[in-house]
Amino acid sequence: MRIGELAKATGVTTRALRFYEEQGLLTAARSHNGYRQYDESAIERVANIRYLLDSGLTMEDIRPLGSCLQGDLPSRRLSSSAVALVDRRLAVLDERIAALTRAREQLSSRATAARGDVACG
């Protein structure tokens, strides 16, 4: 199938598909006129890439997992290296959540204090 067909089948833009290919996560054969040609397994591979990205992993995290992107990834048991990767990503997410929580508390506190003040003008 051509790139437009794969984009339609997966709900991913052609630009994203080309990016996945640049990152080594997706491969395409080239037709005699230079167009990318993907086999049916590319649909599942793209779905797994999206699953990992939507789970909070980055492209840098996913790149080493390239050989594991076929099959039913969500139900597959994680390897010890994948578990370590997930643990590192969770730690980063926890730090971000804590920072956002602090920022929200500060903003909320300022808004509460401002509501109690009488503004001039």
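A brief structural summary. Treat the numbers as computed from the prediction; the structure is a model and nothing was measured.

All right, on to the overall build of the protein then. A tally of regular secondary structure across the protein gives five helices and two strands. Listed N to C, the secondary structure of the protein is α-α-β-β-α-α-α in terms of helices and strands. Radius of gyration (C-alpha) of the protein: 22 Å, far over the 14 Å computed for a compact globule of 121 residues. In terms of principal-axis extent, the alpha carbons of the protein reach across some 75 × 40 × 20 Å. Counting the 121 residues in the protein, one finds 26% classified as buried. In the protein, 50% of the contacts between residues at least 6 apart in sequence involve partners at least 24 apart. Carbon and sulfur atoms form 54% of the exposed surface of the protein, whose accessible area is close to 8600 Å². Measuring between centres, the 18 positive side-chain charges of the protein sit 4 Å from its 15 negative side-chain charges.

The next subject is the packing of aromatic side chains. Each pair of aromatic rings is reported with the distance of its centres and the angle of its planes. Overall, the coordinates contain zero aromatic pairs when judged by the stated rule. Here the guanidinium or amino end of Arg2 rests over the ring plane of Tyr35, the centre of that ring lying 4.0 Å away.

Taking 1.5 Å of rise per residue, 14 residues should cover 20 Å, and helix α3 (residues 41–54) covers 20 Å from first to last C-alpha, within 8% of that figure. Among all positions in α3, only Ala42, Arg45, Val46, Asn48, Ile49 and Leu52 are buried. End-on view of α3: buried residues confined to an arc of 160°, all on one side of the axis. Its buried side turned inward, α3 meets α1 (3–10), α2 (14–22) and α4 (59–62).

What follows is about the environment of Leu85. Counting through the fold element by element, Leu85 comes out in helix α5 (residues 80–116). Sequence separation of Leu85 and Leu69 is 16 residues, and the distance between their C-alpha atoms is 15 Å. Not counting residues up to four positions away in its chain, the partners in contact with Leu85 are Leu57, Asp61 and Leu65.

Another aspect to go through is the pattern of salt bridges. Throughout the structure, instances matching the rule amount to three salt bridges. The partner of Asp54 in a salt bridge is Arg50, and the shortest N-O contact between them spans 3.2 Å. Taken together, the residues Asp54 and Arg50, both in helix α3 and four residues apart, mark about one turn of the helix.

Before going further, it helps to spend a moment on the side chain of Asn48. When you line up the elements, Asn48 lands in helix α3. On the accessibility criterion, Asn48 (5% relative accessible area) is buried.

On to the environment of Leu107, then. Looking at where Leu107 falls in the secondary structure, it is placed in helix α5. Judged by relative accessible area, Leu107 falls into the exposed class, the value being 61%. Sequence-wise, Leu107 and Glu5 are 102 residues apart; in three dimensions their C-alpha atoms are separated by 46 Å.

About the cut-offs
- Residues numbered from 1 in each chain as written.
- Predicted model: local features only at pLDDT ≥ 70, side-chain atom pairs only at ≥ 80, totals over all residues.
- Heavy atoms only, no water.
- Helix = DSSP H or I, 4+ residues; strand = E, 2+ residues; numbered from the N terminus.
- Rg over C-alpha atoms; globule rule 2.2 N^0.38 Å.
- Buried < 20%, exposed > 50% of the residue type's maximum accessible area, 1.4 Å probe, protein only.
- Contact = heavy atoms within 4.5 Å.
- Areas by Shrake-Rupley, 256 points an atom, 1.4 Å probe, with all protein chains shown as cover.
- Lys, Arg positive; Asp, Glu negative; His and termini not counted.
- Charge placed at Lys NZ, Arg CZ, Asp CG, Glu CD.
- Phe/Tyr/Trp six-rings, centres within 6.5 Å; stacked < 30°, edge-to-face > 60°.
- Lys NZ or Arg CZ within 6 Å of the ring centre and 35° of its normal.
- Expected span 1.5 Å × (residues − 1).
- Arc of directions from axis to C-beta.
- Salt bridge = Lys/Arg side-chain N within 4 Å of Asp/Glu carboxyl O.

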